[in-house]
Amino acid sequence: MNIKKDTWQKQERAVRATQLAFDLSSEVQKHIKKQAIDDEVTPSDMIRRILGLEVKSKKTRQRLSFNLSDEELNQLGVQFGIVEPDEARKKRLIKQQVADLLIQFTEQNKQS
């Protein structure tokens, strides 16, 4: 019974947390985000470090993500020549092609 009570209390504290959002210059935001990436932490944890607050989370693997409509997904399927009736497999194949393209983009731009 105590485990449930402890869990509930932790959840209640999380709900009570206050989120602050800042409208800072793009230069300030970029600097903080770049430093967070270099330190392998989230921008939120970077701000906590700057403020001298406790950072409980571990280093994170930064992820890139974006949203695609069904139409865009089909467009990429055509662009990459992916013909697959299984939608889940089609999405995985497209995801792999996009990852390869992003890696190629990065390697080409490192040399510039």
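If you're wondering where the values come from, they're calculated on a predicted model, not measured in any experiment.

K.L.:
Would you mind going over helix 2 (residues 26-38) in detail, with residue names and values included?
P.N.:
The α-helix advances 3.6 residues per turn, and as a result positions three or four apart in sequence lie on the same side. For helix 2, with 13 residues, the first-to-last C-alpha span of 18 Å sits near the 18 Å given by 1.5 Å per residue. Looking one or two residues beyond helix 2, the residue adopting positive phi is Glu-40, at roughly 55°.

K.L.:
Account for helix 4 (residues 70-79), naming residues and giving values.
P.N.:
Within the sequence span of helix 4, burial applies to Leu-73, Leu-76 and Gly-77. Each buried residue of helix 4 sits inside an arc of 105° when the element is viewed along its axis, so together they form one side. In helix 4, the exposed positions angled more than 90 degrees off the buried face are occupied by Glu-71, Val-78 and Gln-79. Two residues or fewer after helix 4 comes Gly-81, characterised by a positive phi angle close to 70°.

K.L.:
Break down the side chain of Lys-90 for me, citing the residues and quoting the values.
P.N.:
One can find Lys-90 in helix 5 (residues 87-111). Salt bridges are absent for the buried Lys-90, whose nearest opposite-charge side chain, Glu-87, sits at 4.3 Å. Separated by 2.8 Å, the side chains of Lys-90 and Asn-74 make a polar contact. Other than its neighbours up to four places away in sequence, Lys-90 contacts Asn-74, Ile-82 and Glu-84.

Conventions adopted
Residues numbered from 1 in each chain as written. Predicted model: local features only at pLDDT ≥ 70, side-chain atom pairs only at ≥ 80, totals over all residues. Heavy atoms only, no water. Helix = DSSP H or I, 4+ residues; strand = E, 2+ residues; numbered from the N terminus. Expected span 1.5 Å × (residues − 1). Buried < 20%, exposed > 50% of the residue type's maximum accessible area, 1.4 Å probe, protein only. Arc of directions from axis to C-beta. Lys, Arg positive; Asp, Glu negative; His and termini not counted. Salt bridge = Lys/Arg side-chain N within 4 Å of Asp/Glu carboxyl O. Polar contact = N/O pair within 3.5 Å; in protein donor to acceptor, adjacent residues only side chain to side chain. Contact = heavy atoms within 4.5 Å.

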